[in-house]
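# Topology and contacts: notes
Below are the chains, spelled out letter by letter.
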Amino acid sequence: MIHPKQKKAQTVSLDMLLGFFVFLIFIILTFKIWNVYTIRFQNNIDTQDKWNIALQISDLMVKQRGYPPSWELDPINTEVIGFAWNENNLSELKIQTFVGYSMVTEGYPTQQELDNYHTVKKLMNIERYNFWFRIIDFDKTVVDNLQSGIPYHEINSVTIRRLVLVDGKKSILEFSIY
Amino acid sequence: MKKGQISVEILFSLGVVMLLFIIVMTMITDRNEQIRKGERYTELRETCFRVANLLTSIWSSETTNMSMRLYYNVTIEGPERSLFVTGKEQVFCSYPVSRVSNQTNTVFNLTPGYITFYYNNSYVVVRNT
């Protein structure tokens, strides 16, 4: 037979155990949520980095001639990339030179293509990312085969589109990094 | 005897509660430190982006003359196109323009205070004012 005092003691420890488990679950949940937000914070930082870099590079492309100003005639010695005659008015020759150097055949790229692609990435100071560049018209058709880089298949990519004139023709410059 | 048994139980419960309290407090302190570190990092990163964006836009526009206030030490490595902002921690960011100098060097430091950016002879010049 259980003594009344013993019964009371059992109830107290059961209550405490229950409380302890609820508390434990609460702590574990808090940690899980914390970790989720930490990962989101990191992803957010990474995405912001990409936006910033993509904006800077697209700005250079559409606002500047590059350095040296006629770099398209001697691409090996290019220091800064730029396609513009003046703001948003781009030279097709400069774009063609850039595309020629950074074009990567989808599926089976040659070593030369990959080496050139990496050189162009280094020139833009985006070695840790991949990029995809193209000039499209308003129907999203690529203009004069002006596209280069590696097409993206990632949801974490960032794409900047700028309205430009390419040798007088209205087009869209699209630059993505991922 | 019976009274003694009750106080052992209470003591045990108190011990467990104290232990839990200490564990939770440690966790909260740790998380607080992480948040403070995150805030500091975000602030340094913002400065890094602001300087990098100004460098790029001065280069793109060629003529603009701009200034901003720095609250941290900044190191610019022109040829590497790298920027380091140093506070309690150090934050790094990059920019695509290789022609940056302080008029005399392409690797240089900027100290807290006002800094000026301008375009000169195919270079973006950045210096303390």
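Below is a short write-up of the structure. Quick caveat: nothing in here was measured; it's all calculated off a predicted structure.

## With respect to the sheet that holds strand β3 (residues 82-86) of chain B
All names here are of chain B. Spatially, four strands are ordered β4-β3-β2-β6 in an open sheet, and the strand pairing comes out antiparallel. The open sheet terminates on both sides in strands that have one partner only, identified here as β4 (90-94) and β6 (107-110). Put simply, the sheet's adjacent strands are angled 15° from each other on average, direction ignored. Across four bridges, strand β2 (residues 73-77) lies against β6 in antiparallel orientation. Considered in β6, the bridge of Val74 is made with Leu110.

## Some remarks on helix α3 (residues 111-123) of chain A
All names here are of chain A. Between its terminal C-alpha atoms α3 stretches 18 Å, which fits the 18 Å expected from 13 residues at 1.5 Å a residue. When we look at burial in α3, the residues that qualify are Glu113, Asn116, Tyr117, Val120, Lys121 and Leu123. Along the axis of α3, the buried positions cluster into a sector of 160°, meaning they face one direction only. In α3, the exposed residues that point more than 90 degrees away from the buried face are Gln111, Thr119 and Lys122. Contacts made by the buried residues of α3 are with α2 (92-102), β3 (131-136) and β4 (142-149). Immediately beyond the C-terminal end of α3, within one or two residues, lies Asn125, with a positive phi of roughly 60°.

## What to know about the interface of chain B and chain A
With 33 residues of chain B in contact, the opposing surface of chain A contributes 30 residues. Taken together, the two surfaces of chain B and chain A that pack against each other cover about 2,800 Å², and 56% of this comes from carbon and sulfur. Across the chain B-chain A interface, the total number found is three salt bridges. Here Glu62 of chain B makes a salt bridge to Arg65 of chain A, at a shortest N to O gap of 2.7 Å. Across the contact surface, chain B and chain A share 15 residue pairs in polar contact (both at pLDDT 80 or more). Counting residues per element, the ones that place at least two in the side of chain B that touches chain A are α1 (2-61) and β4 of chain B. The greatest single-element share of the side of chain B that touches chain A, amounting to 21 residues, is contributed by α1 of chain B. Along the lines of polarity and charge, the residues of the side of chain B that touches chain A split into 15 nonpolar, 10 polar and eight charged.

## Focus on the pattern of salt bridges
This structure, assessed with the given rule, holds 13 salt bridges over all chains. Asp59 of chain A is the salt-bridge partner of Lys63 of chain A, the closest N and O atoms lying 3.4 Å from each other. Placement of the pair is Lys63 of chain A and Asp59 of chain A together in helix α1 (residues 4-63), with a separation of four residues, close to one helical turn. What makes Asp59 of chain A buried here is its relative accessible area of 13%. Glu33 of chain B is the salt-bridge partner of Arg36 of chain B, the closest N and O atoms lying 3.7 Å from each other. Pair noted here: Arg36 of chain B and Glu33 of chain B are both in helix α1, with a separation of three residues, about one helical turn. Overall, the relative accessible area of 35% leaves Glu33 of chain B in the partly exposed class.

What counts and how
Residues numbered from 1 in each chain as written. Chains lettered and ligands numbered in written order. Predicted model: local features only at pLDDT ≥ 70, side-chain atom pairs only at ≥ 80, totals over all residues. Heavy atoms only, no water. Pairing = 2+ DSSP bridges. Helix = DSSP H or I, 4+ residues; strand = E, 2+ residues; numbered from the N terminus. Axes fitted to C-alpha atoms, helices over the stretch in contact; angles between N-to-C directions. Expected span 1.5 Å × (residues − 1). Buried < 20%, exposed > 50% of the residue type's maximum accessible area, 1.4 Å probe, protein only. Arc of directions from axis to C-beta. Contact = heavy atoms within 4.5 Å. Buried area = accessible area lost by both parts, 1.4 Å probe. Salt bridge = Lys/Arg side-chain N within 4 Å of Asp/Glu carboxyl O. Polar contact = N/O pair within 3.5 Å; in protein donor to acceptor, adjacent residues only side chain to side chain. Nonpolar A, V, L, I, M, F, W, Y, C, P; charged D, E, K, R; others polar.

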